[in-house]
Protein chains: 4
Amino acid sequence: MSSYAYLGPEGTFTEAALLQVPGADKAERVPAVTVSSALDMVRTGRVTAAMVPIENSVEGGVSATLDSIANGDPLRIIREILVPVSFVLVGRPGLELADIRFVATHGHAWAQCRGWTEQNIPSAEYIPASSTAAAAHTLLDDGAGHDAAICSPLVANRLGLRILAEHIGDVADAVTRFILVSRPDTLPARTGADKTTLVIPLPEDHPGALMEILDQFAARGVNLSRIESRPTGLFLGDYFFSIDADGHVADARVADALQGLHRISPGLRFLGSYARADRREYDVARHTSDQAFQSAQEWVDSLLRSPTVDPESIG
Amino acid sequence: MSSYAYLGPEGTFTEAALLQVPGADKAERVPAVTVSSALDMVRTGRVTAAMVPIENSVEGGVSATLDSIANGDPLRIIREILVPVSFVLVGRPGLELADIRFVATHGHAWAQCRGWTEQNIPSAEYIPASSTAAAAHTLLDDGAGHDAAICSPLVANRLGLRILAEHIGDVADAVTRFILVSRPDTLPARTGADKTTLVIPLPEDHPGALMEILDQFAARGVNLSRIESRPTGLFLGDYFFSIDADGHVADARVADALQGLHRISPGLRFLGSYARADRREYDVARHTSDQAFQSAQEWVDSLLRSPTVDPESIG
Amino acid sequence: MSSYAYLGPEGTFTEAALLQVPGADKAERVPAVTVSSALDMVRTGRVTAAMVPIENSVEGGVSATLDSIANGDPLRIIREILVPVSFVLVGRPGLELADIRFVATHGHAWAQCRGWTEQNIPSAEYIPASSTAAAAHTLLDDGAGHDAAICSPLVANRLGLRILAEHIGDVADAVTRFILVSRPDTLPARTGADKTTLVIPLPEDHPGALMEILDQFAARGVNLSRIESRPTGLFLGDYFFSIDADGHVADARVADALQGLHRISPGLRFLGSYARADRREYDVARHTSDQAFQSAQEWVDSLLRSPTVDPESIG
Amino acid sequence: MSSYAYLGPEGTFTEAALLQVPGADKAERVPAVTVSSALDMVRTGRVTAAMVPIENSVEGGVSATLDSIANGDPLRIIREILVPVSFVLVGRPGLELADIRFVATHGHAWAQCRGWTEQNIPSAEYIPASSTAAAAHTLLDDGAGHDAAICSPLVANRLGLRILAEHIGDVADAVTRFILVSRPDTLPARTGADKTTLVIPLPEDHPGALMEILDQFAARGVNLSRIESRPTGLFLGDYFFSIDADGHVADARVADALQGLHRISPGLRFLGSYARADRREYDVARHTSDQAFQSAQEWVDSLLRSPTVDPESIG
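Residues numbered from 1 in each chain as written. Chains lettered and ligands numbered in written order. Predicted model: local features only at pLDDT ≥ 70, side-chain atom pairs only at ≥ 80, totals over all residues. Heavy atoms only, no water.

Per an unreviewed UniProt entry, chain A is named Prephenate dehydratase, and its organism is Arthrobacter parietis. Note on chain A: under the UniProt heading Catalytic activity (unreviewed entry), the record states "prephenate + H(+) = 3-phenylpyruvate + CO2 + H2O". For the record of chain A, the UniProt heading Pathway (unreviewed entry) holds the text "Amino-acid biosynthesis; L-phenylalanine biosynthesis; phenylpyruvate from prephenate: step 1/1." (UniProt positions renumbered as here; feature names shortened; annotations may be inferred.)

Caption draft 1: Summary view of the overall build of chain A. Looking only at helices and strands, chain A features 10 helices and 16 strands. Viewed in the frame of its principal axes, chain A has a C-alpha envelope of about 100 × 45 × 35 Å. The buried share of chain A, reckoned over its 315 residues, is 59%. Here the contacts in chain A between residues at least 6 apart in sequence split such that 75% fall between residues at least 24 apart. Carbon and sulfur atoms make up 50% of the accessible area of chain A, which totals about 11,900 Å². (Helix = DSSP H or I, 4+ residues; strand = E, 2+ residues; numbered from the N terminus. Buried < 20%, exposed > 50% of the residue type's maximum accessible area, 1.4 Å probe, protein only. Contact = heavy atoms within 4.5 Å. Areas by Shrake-Rupley, 256 points an atom, 1.4 Å probe, with all protein chains shown as cover.)

Caption draft 2: Spotlight on the relation of the copies chain D and chain A. It takes a turn of 180 degrees to lay chain D on chain A, together with a shift of 0.0 Å along the axis; the resulting RMSD is 0.1 Å. Such a combination of turn and shift is consistent with a two-fold rotation axis. Interface overlap between copies: 100% of the residues of chain D at the interface are likewise at the interface in chain A, consistent with a symmetric, same-surface contact. (Least-squares fit on C-alpha atoms with pLDDT ≥ 70 in both.)

Caption draft 3: Structural detail: the packing of helix α9 (residues 252-264) of chain A against helix α10 (residues 290-304) of chain D. Following both chains from N to C, one finds α9(A) and α10(D) inclined at 130 degrees, their axes separated by 8 Å at the closest point. What the angle tells us is that α9(A) and α10(D) run oblique. For the pair α9(A) and α10(D), the sense of crossing is right-handed. Contacts between α9(A) and α10(D) involve A255(A), L258(A), Q259(A), H262(A) and R263(A) from the former and A292(D), F293(D), S295(D), A296(D), Q297(D), W299(D), V300(D) and L303(D) from the latter. For the contact of α9(A) with α10(D), the per-class residue count stands at eight nonpolar, four polar and one charged. (Axes fitted to C-alpha atoms, helices over the stretch in contact; angles between N-to-C directions. Parallel < 35°, antiparallel > 145°, perpendicular 65-115°, else oblique. Left-handed = near helix turned anticlockwise from the far one by under 90°. Nonpolar A, V, L, I, M, F, W, Y, C, P; charged D, E, K, R; others polar.)

Caption draft 4: Examining the interface of chain D and chain A more closely. Counting residues at the interface gives 49 residues for chain D, matched by 49 residues for chain A. When the two sides are added together, the surface that chain D and chain A hide from each other amounts to roughly 4,200 Å², 64% of it contributed by carbon and sulfur. If you sort the residues of chain D by the area they bury against chain A, R263(D), W299(D) and I314(D) come out on top, with a joint share of 17%. Inspection of the chain D/chain A interface yields two salt bridges. (Buried area = accessible area lost by both parts, 1.4 Å probe. Salt bridge = Lys/Arg side-chain N within 4 Å of Asp/Glu carboxyl O.)

Caption draft 5: Expanded view of the interface of chain C and chain D. With 48 residues of chain C at the interface, the matching set in chain D holds 48 residues. Together, the buried faces of chain C and chain D total about 3,600 Å²; carbon and sulfur atoms form 59% of this surface. The tally of links between chain C and chain D comes to two salt bridges. A salt bridge links R114(C) to D40(D); the shortest N-O distance between them is 3.2 Å. Sorting the residues of the side of chain C that touches chain D by element identifies α2 (35-44), α3 (62-70), α4 (107-112), β7 (125-128), α8 (209-218), β13 (224-231) and β14 (239-246) of chain C as the ones contributing at least two each. By residue number, the principal contributor to the side of chain C that touches chain D is β13(C), which donates eight residues. In terms of residue class, the side of chain C that touches chain D is made up of 22 nonpolar, 16 polar and 10 charged.

Caption draft 6: Expanded view of the sheet that holds strand β6 (residues 102-105) of chain A. Residues and elements named next belong to chain A. Read across the open sheet, the five strands follow the order β7-β6-β8-β5-β9; overall the sheet is mixed. The sheet terminates laterally at β7 (125-128) and β9 (162-166), the two strands that pair on one side only. With strand direction ignored, the average angle separating the axes of adjacent strands in the sheet is 30 degrees. By the bridge criterion, two bridges tie β6 to strand β8 (residues 148-151) in an arrangement that is parallel. Bridge assignment links A104 to a residue of β8, and that residue is A149. (Pairing = 2+ DSSP bridges.)

Caption draft 7: Expanded view of the pairing of strand β14 (residues 239-246) of chain D. Residues and elements named next belong to chain D. Among the eight residues that make up β14, eight are buried, leaving the element largely enclosed by the rest of the structure. With burial as the criterion, each face of β14 is covered, one bearing Y239, F241, I243 and A245 and the other bearing F240, S242, D244 and D246. Where strand β12 (residues 194-201) and β14 come together, seven bridges link them in antiparallel fashion. Its bridge partner lying in β14, T197 is registered against D244. Pairing analysis gives seven bridges linking strand β13 (residues 224-231) to β14, with the strands arranged antiparallel. From the neighbouring strand, L224 faces β14, where its bridge partner is A245.

Caption draft 8: How the structure looks around the pattern of salt bridges. Evaluated as defined, the whole model comprises 80 salt bridges over all chains. Residue R162(C) is joined to E96(C) by a salt bridge in which the shortest nitrogen-to-oxygen separation is 3.5 Å. In this pair, R162(C) sits in strand β9 (residues 162-166) while E96(C) sits in the loop between β5 (88-91) and β6 (102-105), placing the two residues 66 residues apart along the sequence. Residue class for R162(C) comes out partly exposed when judged on its relative accessible area of 31%. Put simply, R226(D) and E228(D) hold a salt bridge, and the shortest N to O gap is 3.8 Å.

Caption draft 9: Structural detail: the sheet that holds strand β3 (residues 49-55) of chain C. Residues and elements named next belong to chain C. Strand order in the open sheet formed by five strands is β2-β1-β3-β10-β4, with mixed pairing between adjacent strands. Each of the sheet's edge strands pairs with one partner strand only, and the pair in question is β2 (28-32) and β4 (76-84). On average, adjacent strands in this sheet sit at an angle of 30 degrees to one another, irrespective of strand direction. Here β4 pairs with strand β10 (residues 175-182) via eight bridges, running antiparallel. Looking across to β10, one finds that E80 is bridged to I179. In the packing of α2 onto the sheet, contacts are made with β1 (3-7), β2, β3 and β10, and the angle to β3 comes to roughly 145 degrees.

Caption draft 10: Main features of the packing of aromatic side chains. In the structure shown here, the tally under the stated rule is eight aromatic pairs over all chains. Seen from their ring centres, F13(A) and F87(A) are 5.7 Å apart, and the 80 degrees between their planes marks the pair as edge-to-face. With F13(A) in helix α1 (residues 13-18) and F87(A) in the loop between β4 (76-84) and β5 (88-91), the pair connects residues that are 74 residues apart, well separated along the chain. In this structure, F13(A) and F87(A) share a single accessibility class: buried. One residue, R263(C), lies across the ring of F293(B), its end atom 3.7 Å from the ring centre. (Phe/Tyr/Trp six-rings, centres within 6.5 Å; stacked < 30°, edge-to-face > 60°. Lys NZ or Arg CZ within 6 Å of the ring centre and 35° of its normal.)

Caption draft 11: How the structure looks around the relation of the copies chain C and chain D. Of the transformation placing chain C onto chain D, the axial shift is 0.0 Å and the rotation is 180 degrees, giving an RMSD of 0.0 Å. When the interface residues of chain C are mapped onto chain D, 100% of them again lie at the interface, so the same face is used by both copies.

Caption draft 12: Broad picture of the side chain of R177(B). Residues and elements named next belong to chain B. Looking at the secondary structure, you find R177 in strand β10 (residues 175-182). What makes R177 buried here is its relative accessible area of 5%. Within the local environment of R177, its side chain forms a polar contact with the side chain of E80, the two groups lying 2.6 Å apart. Leaving out residues up to four positions away in the same chain, R177 has contacts with P53, I54, E55, E80, I81, L82, K195, R226, D244 and Y274. (Polar contact = N/O pair within 3.5 Å; in protein donor to acceptor, adjacent residues only side chain to side chain.)

Caption draft 13: Quick look at the pairing of strand β6 (residues 102-105) of chain D. As paired strands, β6(D) and strand β7 (residues 125-128) of chain D are joined by four bridges and run parallel to one another. What sits directly across from F102(D), in β7(D), is E125(D).

Caption draft 14: Summary view of the environment of H262(C). All names here are of chain C. Mapped onto the elements, H262 comes out in helix α9 (residues 252-264). Overall, the relative accessible area of 11% leaves H262 in the buried class. Expressed as a C-alpha distance, the spacing of H262 and I213, which sit 49 residues apart in the sequence, is 9.9 Å.

Caption draft 15: Representation of the side chain of E80(B) in the model. Residues and elements named next belong to chain B. Tracing the chain through its elements places E80 in strand β4 (residues 76-84). Only 2.7 Å separates the side chain of E80 from the backbone nitrogen of A277, close enough to count as a polar contact. Contacts of E80, omitting those with residues within four sequence positions, involve R177, F178, K195, Y274, A275, R276 and A277.

Caption draft 16: Structural detail: unusual backbone geometry. The omega torsion across G8(B) and P9(B) is 5 degrees, close enough to zero to call that bond cis. Its place among the elements puts P9(B) in the loop between β1 (3-7) and α1 (13-18). At H167(A), a position not held by glycine, the phi torsion is positive, near 50 degrees. Along the chain, the position of H167(A) falls in the loop between β9 and β10 (175-182). For H167(A), a relative accessible area of 62% corresponds to the exposed category.

What follows is the structure in structure tokens.
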């Protein structure tokens with residue numbers, strides 16, 4: 001039976017992501033206060049896997065996620081989940097829109113709903129909360145300083161809160177991306193629409209060093225869908241790169257790029273190959289297909305099978 | 001007289017960064033609830049400039065900062081500030097370490113002090129707050145659920161809070177980086193140890209497109225100190241890059257790189273050239289010096305001064 | 001009145017190339033024994049210009065041409081000429097094909113007609129000559145060791161030699177390329193289908209040094225139509241590159257590439273921009289058009305026009 | 001017992017190169033009229049191997065060599081020979097320097113001795129010959145139009161010709177390079193100072209296509225010592241590249257580069273890996289050593305050994 005940690009509290013968009021995982025609705029789900037504590041529960045074996053935000057998240061945690069995965073005992077990303085970011089406005093019983101004076105939510109969510117709030121509740125004041133779910137949970141507390149909250153539909157429904165308005169985010173189709181992280185003992189099979197995540201220390205800091213890294217991908221026709229430099233934390237000026245590349249380590253071109261990367265930056269970390277949540281396939285140029293790699297290997301092997309002669313004796 | 005917005009509330013590390021700016025201690029300082037509202041105060045003319053976190057921040061806001069600067073009316077970074085991240089533990093009057101039951105702080109700060117807390121206050125429970133300063137401000141409230149807070153020395157001193165422990169962060173020399181942002185009407189003069197920040201939309205999404213962008217820097221010997229891909233928000237798979245490069249637009253090699261970038265991605269944004277906070281100088285290869293650029297320009301100009309003849313008449 | 005040197009003797013394919021130049025048929029034409037002596041006649045002012053082979057020549061001289069232009073007083077290529085290489089077999093009066101015993105010609109010409117000779121005059125023996133024209137000129141000498149020659153139609157007609165067979169070359173559409181070289185005092189105007197020839201010393205000998213040179217072209221979308229490394233002659237392992245690039249120095253992308261080359265290899269030589277003999281136009285990507293260069297220049301200029309402020313006073 | 005073809009006639013510098021091969025002095029040596037006929041004797045089995053000039057040759061033949069090897073049945077270079085180019089002036093018996101009126105030699109040799117001839121025999125006239133050896137051989141013929149010749153010491157000594165002056169070349173240390181070519185059935189063993197020769201068709205003609213080829217070398221730290229574009233002869237604008245790279249196909253970095261080349265240009269030809277004549281060793285960066293390749297291979301293999309799980313079942 002699996003058990004899962006996630007960035008809590010209950011009702012966050014991260015829990016919504018977790019609930020997309022088959023069986024997670026019936027499994028143990030442990031809310032964690034921070035991304036790194038969620039990941040540590042995986043490392044220590046307390047849970048099977050953890051769901052954490054990786055990009056563009058409403059509740060932050062992205063840089064923290066990158067740094068937490070890059071350091072400490074190895075982990076592996078085994079699944080990617082996209083969650084539509086849909087905000088609702090919830091209020092105390094009997095409250096009307098016109099009566100709202102204090103709205104609690106996470107700062108990012110407040111920023112993403114500002115168009116709607118300025119038009120519909122222009123005089124409401126913002127009360128910061130540590131997450132959208134926390135703002136919802138405390139709405140009914142006696143001592144709460146707010147009379148409304150902006151949160152996910154999940155938490156609103158679960159707590160039976162009164163929904164005053166739906167879809168109040170300024171960007172209609174916003175989605176945010178989460179990853180499911182386990183210990184590094186399995187590898188999801190190749191699906192043909194995969195993603196590989198790597199952490200690559202910059203081997204030397206000179207103009208062109210990053211180019212050498214990226215060339216390992218470009219030279220094999222491997223597209224990148226994300227790149228981020230992060231200070232190593234040791235001292236300023238020392239970097240690592242967090243990269244998502246199209247393809248699976250079982251694709252010859254990805255395996256070859258990984259070998260190239262290992263040669264120039266042997267301290268790199270493989271964080272996993274896993275199915276893309278959007279199932280979007282990518283073009284593979286003929287010269288970077290598995291077939292092209294196999295033909296090339298066979299050709300060079302055939303050259304090396306020639307009988308060898310001593311150079312001094314040639315004549 | 002200048003006035004400044006900053007990511008508040010009062011006493012955040014961001015305010016500590018702002019107080020490093022000459023005259024800011026006597027100027028009007030307006031706390032903002034979010035990074036984007038701080039920047040909007042600049043755009044609307046409500047304040048002269050805004051201080052916001054850009055990297056590795058204790059209180060987050062980094063991705064939000066990148067996205068807020070990349071969109072909307074143009075802004076310009078005019079100064080970079082580094083702040084040592086030093087945490088203190090503050091408690092209610094009379095409280096001893098052994099008595100602490102609930103510690104409030106921002107999630108990132110909690111994560112960064114975990115080594116100390118596990119050793120010194122292992123049974124204390126974490127209460128999330130929207131910022132370290134907010135945790136400090138509410139410590140003395142009657143309804144506060146916490147009896148201690150982790151915050152900056154600035155807010156502890158300002159509120160006269162009782163400091164139970166200092167320097168409790170796990171990383172001794174942690175610093176975090178902030179930027180001062182104004183409207184785009186001036187340019188800080190070149191100092192010889194400068195940084196240029198750009199936002200560059202990916203012109204096409206194919207393997208090698210990022211290489212073409214980075215090559216504009218590498219080919220001119222311009223080192224990058226930060227790179228981050230960010231989804232444009234329009235649809236998944238569309239990216240822009242946020243980049244910090246060594247040097248100033250008044251350096252010939254940087255100006256030349258910017259021209260190359262403008263040709264392949266005309267929608268790029270110049271977010272400013274400004275002195276590096278760490279004053280670290282960078283090597284400039286002889287072939288990328290201003291002198292080399294000028295000689296090359298003169299040489300080509302001399303070729304183009306030759307009298308022109310009609311190709312049909314040659315003979 | 002112009003005068004011309006060419007790689008002789010009279011009747012070579014090089015003279016045929018020269019006769020394509022308007023007015024050359026009525027001008028003084030001076031045969032030279034070697035390519036370098038032809039070029040020296042230009043350098044000393046003895047002639048206005050010289051026609052010499054540059055590629056794929058029947059009578060060799062290509063490497064010699066490259067080396068002679070790369071060293072010594074500067075020269076400039078002002079025109080390119082293509083000559084169809086059509087061979088004829090000429091014989092002494094009264095001679096029939098079946099009677100031919102000794103055929104004189106230049107070694108390259110003999111190689112290029114081997115298919116025809118093996119089929120039609122299999123028992124004929126080859127007599128090497130220093131040029132196809134020399135073989136023709138000496139055919140009627142008493143002491144000549146040969147009774148037939150392979151040469152150009154030009155010399156056959158001019159000497160009134162009896163043509164036994166035409167179009168005997170193995171490759172039907174073979175052409176060879178010649179250049180007209182003058183002193184460096186004019187520049188042929190841009191036609192839109194031009195070529196630029198350069199001599200570029202390798203600045204340093206390490207893997208990637210050649211890439212740095214070629215990147216100056218690729219980064220500006222400039223295609224190469226010829227590249228050749230040549231030892232400098234000073235010692236083995238020291239190279240220069242002889243390169244033909246699409247475009248004219250008056251094209252912004254070519255001028256910019258030349259500046260980049262000058263910075264990394266200031267000893268490069270510009271050997272001219274001139275109309276392509278085949279008039280083939282080339283695609284210019286939008287981001288490398290003169291317009292794109294001008295827009296980029298204007299954009300950076302506008303950035304540099306911002307009023308400058310003292311970094312120390314910012315606040 | 002081996003037999004050899006070479007670019008004749010007897011006494012050329014090419015024969016001097018052949019005589020450096022162990023045992024060649026006692027083996028059958030067959031002079032060939034052209035490079036391609038020498039190579040064809042190898043292809044047909046008439047001889048074991050052929051010695052032909054490949055670079056910088058006094059008697060030309062370089063482009064012819066490249067083209068002849070690139071087409072037709074496969075051949076393999078098994079040895080490289082350097083020959084110091086030392087010219088002597090030989091004359092008819094009794095002739096003094098001051099009496100010389102006509103000097104025969106190959107055009108390239110005449111060019112390379114011009115400094116000496118202008119100073120010492122300024123009034124002598126040049127008679128072109130098809131090779132330096134041919135000029136020497138015919139010197140004693142009754143019908144010869146010349147009374148002196150410039151040739152190699154080899155032919156002068158062999159024919160017992162009277163040497164009027166030695167070391168008359170303008171460049172003191174000139175050397176020229178020759179290759180020994182066999183059928184493709186053996187591979188000289190790796191020596192640590194090797195060279196690999198390739199013929200690579202340009203897969204597509206666009207700016208950057210050549211870069212993609214060269215990047216296969218640069219990305220593996222493989223230096224090039226020669227590159228030459230050659231028209232394929234099919235039509236103008238279609239090219240192949242003739243390349244010499246440092247290293248042996250048995251070096252992991254070279255084998256890997258060859259695989260990369262095969263993927264983008266599957267029609268490439270491997271012309272051999274063989275000991276450098278100058279024995280000059282090259283630096284191998286740590287990240288391109290055989291050890292680095294092996295470690296990288298093992299690392300990726302270890303990733304692929306993880307048990308695979310069905311992506312649909314993850315959770």
